[in-house]
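# Breakdown of the fold
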Amino acid sequence: MTDINVPECHKEHMIQGLIEVLGTIEAFTFLDALHEGGLEPYDLATRGILIRGGRAGFNYWLKQNLDLLGWNSLDFRMHPVKNKILNGLQGIVQQIENDNGPRVQLVNAPKQWKLTLTPHPDTASHHTDFSCSYLLGFLQEFCRWAGLGKFYFVNLQSDLEIEKLPCEITIRKEPLD
């Protein structure tokens, strides 16, 4: 498989998530086509696969990072849900940046959390859509996990025709009914 532009902390989990969604051969074919330009990252079907892959990939990532981030501790588990989500988002952002992924600014606004992704200075600004669509699905599943099974509205704002960073992901603080 051709190398893909994914932060190391998520590469294995992205692949595992896509394998769960598409199957082994199709997942590698999909990633190769995405990397080589055979798929358009702004195509709705491509984005849908990446979002679903992000949801599945979170669970693989969680298994490896639960203890590392302290999310298995009684202290973390007993936090109120909104604090747990905020602390978790901070941990995810830190891991992405530590692995030379895009720079992520996390804003804790009164009614939503906002993550703004900008290119890492050492990488090209064009990306394979990991930074936006995959991360959107990843964060949807994280919020469901941290939110005790409730679903949170997670939205992506990006120039879908260009699919370049920066993009912005917002998460409403109130769960959906």
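Every chain is numbered on its own, with residues counted from 1 as its sequence reads. Only residues with pLDDT of 70 or above have their local features reported here, since the model is predicted, and side-chain atom pairs are shown and tallied only from 80 upward, although totals for entire chains, interfaces and linings are computed over all residues. The side-chain figures draw on all heavy atoms in the structure; neither hydrogens nor water molecules are used.

## Things to note about unusual backbone geometry
Only a minority of non-glycine residues have a phi that is not negative, and only a minority of peptide bonds are not trans. Keep this limit in mind: Here a strand is any run of E in DSSP of at least two residues, a helix any run of H or I of at least four, and the numbering for each starts at the N terminus. The rule is simple: take the accessible area with a 1.4 Å probe, protein chains only, and divide by the maximum for that residue type; under 20% is buried, over 50% is exposed, in between is partly exposed.
For Leu148, which is not glycine, the phi torsion reads 60° and is therefore positive. Counting through the fold element by element, Leu148 comes out in the loop between helix 6 (130-146) and strand 3 (152-157). On the basis of relative accessibility, which here comes to 63%, the residue Leu148 falls in the exposed class.

## Overview of the packing of aromatic side chains
As a reminder of what qualifies: The rule is short: rings of Phe, Tyr and Trp, with Trp giving its six-membered ring, pair when the centres are within 6.5 Å, and they are stacked under 30 degrees, edge-to-face over 60, tilted in between. In this analysis the charged atom, NZ for Lys or CZ for Arg, is taken to sit over a ring once it is within 6 Å of the ring centre and within 35 degrees of the ring normal.
In total, this model carries twelve aromatic pairs according to the counting rule given. Where Phe58 meets Trp61, the ring centres are 5.9 Å apart and the plane angle is 35°; that geometry is what we call tilted. Placement of the pair is Phe58 and Trp61 together in helix 3 (residues 44-65), with a separation of three residues, close to one helical turn. For Phe58, a relative accessible area of 0% puts it in the buried group. Measuring from ring centre to ring centre gives 6.1 Å for Phe58 and Trp145, while their planes differ by 55°; the resulting arrangement is tilted. Of the two residues, Phe58 sits in helix 3 while Trp145 sits in helix 6, which places them 87 residues apart along the sequence. An aromatic cluster of at least three residues, connected via ring pairs, comprises Phe58, Trp61, Trp71, Phe76, Tyr134, Phe138, Phe142 and Trp145. One residue, Arg172, lies across the ring of Phe153, its end atom 4.1 Å from the ring centre.

## Looking at the environment of Leu148
Filter applied, for reference: Throughout, a residue-residue contact means that at least one pair of heavy atoms, one from each residue, lies within 4.5 Å.
Each C-alpha atom of the pair Leu148 and Val81 lies 7.7 Å from the other, and the pair is 67 residues apart in sequence. Residue contacts for Leu148: discarding those within four places in its chain leaves Val81 and Lys84.

## Digging into the sheet that holds strand 2 (residues 112-118)
Our working rule: DSSP calls a pair of strands paired once it identifies at least 2 bridges connecting them. A fitted line through C-alpha atoms represents every axis, and for helices the fit uses only the stretch in contact; the resulting angles, taken between N-to-C directions, go from 0 to 180 degrees.
Taken in spatial order, the four strands line up as 1-2-4-3 in an open sheet, and their pairing is antiparallel. Of all strands in the sheet, those bounded by a partner on one side alone are strand 1 (103-108) and strand 3. Each strand of the sheet is rotated relative to its neighbour by a mean of 15°, with strand direction disregarded. The pairing of strand 3 with strand 4 (residues 167-175) spans five bridges and is antiparallel. Paired with Leu156 across the strands is Ile169, a residue of strand 4. Its contacts with the sheet put helix 5 (residues 81-98) on strand 1, strand 2, strand 3 and strand 4, and the angle it makes with strand 1 is roughly 165°.

## Some words on the pairing of strand 2
For strand 1 and strand 2, the ladder comprises six bridges, and the chain directions are antiparallel. When the bridges of strand 2 are listed, Gln105 appears paired with Thr116. Where strand 1 hands over to strand 2, the hairpin turn is made up of three residues, counted between the paired strands. Where strand 2 and strand 4 come together, six bridges link them in antiparallel fashion. Directly across from Lys114, in strand 4, lies its bridge partner Thr170.

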